[in-house]
Amino acid sequence: MTAWLALFAALLVSVPHAINQSGLPSTIGACLWLAVLALRAVFAIAMVLMVVLLVPSTGLFTFVTHWCLHAVVPFLESHLGFDGHRLGGMALILPLALLGVSAFAALFATWRGARLVSEWVRQSSLGPGPQSSLLVRGSEVLVACAGVRQPKVVVSAGALAVLDEAELSASLHHERGHAVRKHGLARVFGQLCLGASRLLPGGQRALDTLAFHLERNADEYAVRKTGNPLALASAICKAASTTPAMGLALSGSGVSERLSMLIDGRPPGRTARRWPRGLGIALTTAAVGMAMTLAISIPALGSSGFQELRANADAPTTDCA
């Protein structure tokens, strides 16, 4: 049963990568990749605990740890103080340590990034900007949504000089879409999930795809407010040379695909087609359900795993082979 659950979870993590992302509605796409990232995180945690729980009971683990390292290489015990009987337990704790370090590093990087952005905004602020935005210094074309808990739309002096009235209005509405729809929180959640699942491949691509759908969602918000997709496309082109240091800047992820959808009203390429909404909803629902199932099982799994480790640590050692 456990093997089937793990296989199903692995399929749910992998299948969305095969979908043409431009064909998914942006809201469903964002929800899908948030669910995939969450599933990746709980799947990685569950797999690490499964290793801690199941590996000690396997014949291979018993055979390997039966060969006491200090008997094979006496120098390690007599000169360095290593006990070969404990190396098996240390090998099991290592994945837990790697998982903890990765999650902490992601949390610290997220906190540090938010602090740096807040400090940059404070130092660069020139006063109120158009449409309740915040004007910051700089000659580059920068329109961005800064902050997570209380996001602010910031616009550079260079953007005011380069963008015309329609482009500026579309740009500000795009960034306001990020703020109103709490895209910053979604990005932070995705980054933390990525940190907890570094042991699994494909995590950065999943986070980048989430960012692409968030940008598309903000594009749609701006077009709905202004009714002028060409103005937004023109503003994105002018801002494309600007590095999106804010994370949620105008020229963010998937610029070419977004421009094609704004100008032509459809994804680029002859093979681009809209996937059924039901497929995206079904995958999202399945990923959320699997993530919740694994999350509910993690406390019991962790308790059993640590009890197993403690039992192995307290058990008398066998004679060295």
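In this text, all values refer to a predicted model and were calculated from it rather than measured experimentally.

What counts and what doesn't
- Residues numbered from 1 in each chain as written.
- Predicted model: local features only at pLDDT ≥ 70, side-chain atom pairs only at ≥ 80, totals over all residues.
- Heavy atoms only, no water.
- Salt bridge = Lys/Arg side-chain N within 4 Å of Asp/Glu carboxyl O.
- Helix = DSSP H or I, 4+ residues; strand = E, 2+ residues; numbered from the N terminus.
- Buried < 20%, exposed > 50% of the residue type's maximum accessible area, 1.4 Å probe, protein only.
- pLDDT = per-residue confidence, 0-100.
- Contact = heavy atoms within 4.5 Å.
- Phe/Tyr/Trp six-rings, centres within 6.5 Å; stacked < 30°, edge-to-face > 60°.
- Patch = residues over 30% accessible without salt bridge, like charges linked within 9 Å, V, L, I, M, F, W, Y side chains within 5 Å.
- Areas by Shrake-Rupley, 256 points an atom, 1.4 Å probe, with all protein chains shown as cover.
- Core = buried A, V, L, I, M, F, W, Y, C linked by side-chain atoms within 4.5 Å.

Digging into the pattern of salt bridges
Throughout the structure, instances matching the rule amount to five salt bridges. Between Lys238 and Glu167 there is a salt bridge, with the nearest N and O atoms lying 2.8 Å from each other. Placement of the pair is Lys238 in helix α11 (residues 229-239) and Glu167 in helix α8 (residues 165-180), with a sequence separation of 71 residues. The partly exposed category is assigned to Lys238, whose relative accessible area is 32%. The residue Arg216 makes a salt bridge to Glu220 at a minimum N-O spacing of 3.9 Å.

Quick notes on the confidence of the model for the protein chain
Residues at a pLDDT of 70 or more form 73% of the protein chain, whose mean pLDDT is 80. Put simply, helix α5 (residues 74-80) is where the protein chain has its lowest mean pLDDT, 47, and α8 is where it has its highest, 95. Below pLDDT 50 for its whole length, residues 69-73 participates in ten contacts with residues either more than four positions away or in separate chains. Below pLDDT 50 for its whole length, residues 75-85 participates in 15 contacts with residues either more than four positions away or in separate chains.

Focus: the packing of aromatic side chains
Within this structure, the stated rule accounts for one aromatic pair. Arranged with centres 5.8 Å apart and planes meeting at 40°, the rings of Phe108 and Trp111 form a pair that is tilted. One end of the pair, Phe108, and the other, Trp111, are both in helix α6 (residues 87-124), three residues apart, so they sit about a helical turn from each other. For Phe108, a relative accessible area of 43% corresponds to the partly exposed category. Taking relative accessible area as the criterion, Trp111 reaches 46% and is therefore assigned partly exposed.

Side note on a nonpolar patch on the surface
On the surface, a nonpolar cluster with roughly 520 Å² of combined accessible area is contributed by Trp4, Leu7, Phe8, Leu11 and Val15. Within the secondary structure, Phe8 sits in helix α1 (residues 2-14). Of the residues examined, Phe8 reaches a relative accessible area of 41% and is grouped as partly exposed.

Things to note about the environment of Glu175
Take Glu175: it is sitting in helix α8. We classify Glu175 as buried; its relative accessible area is 0%.

A closer look at the nonpolar core
By size, the foremost hydrophobic cluster in this structure holds 33 residues, and its most contacted members are Leu39, Leu210 and Leu294. Secondary structure elements with two or more residues in this core: α1, α2 (26-54), α9 (183-196), α10 (203-226) and α13 (277-314). If you tally residues by element for this core, the top one is α2, at 13 residues. In this structure, Leu39 is in contact with Ala9, Leu12, Val13, Ala287, Met290, Ala291 and Leu294, ignoring residues within four places of it in sequence.

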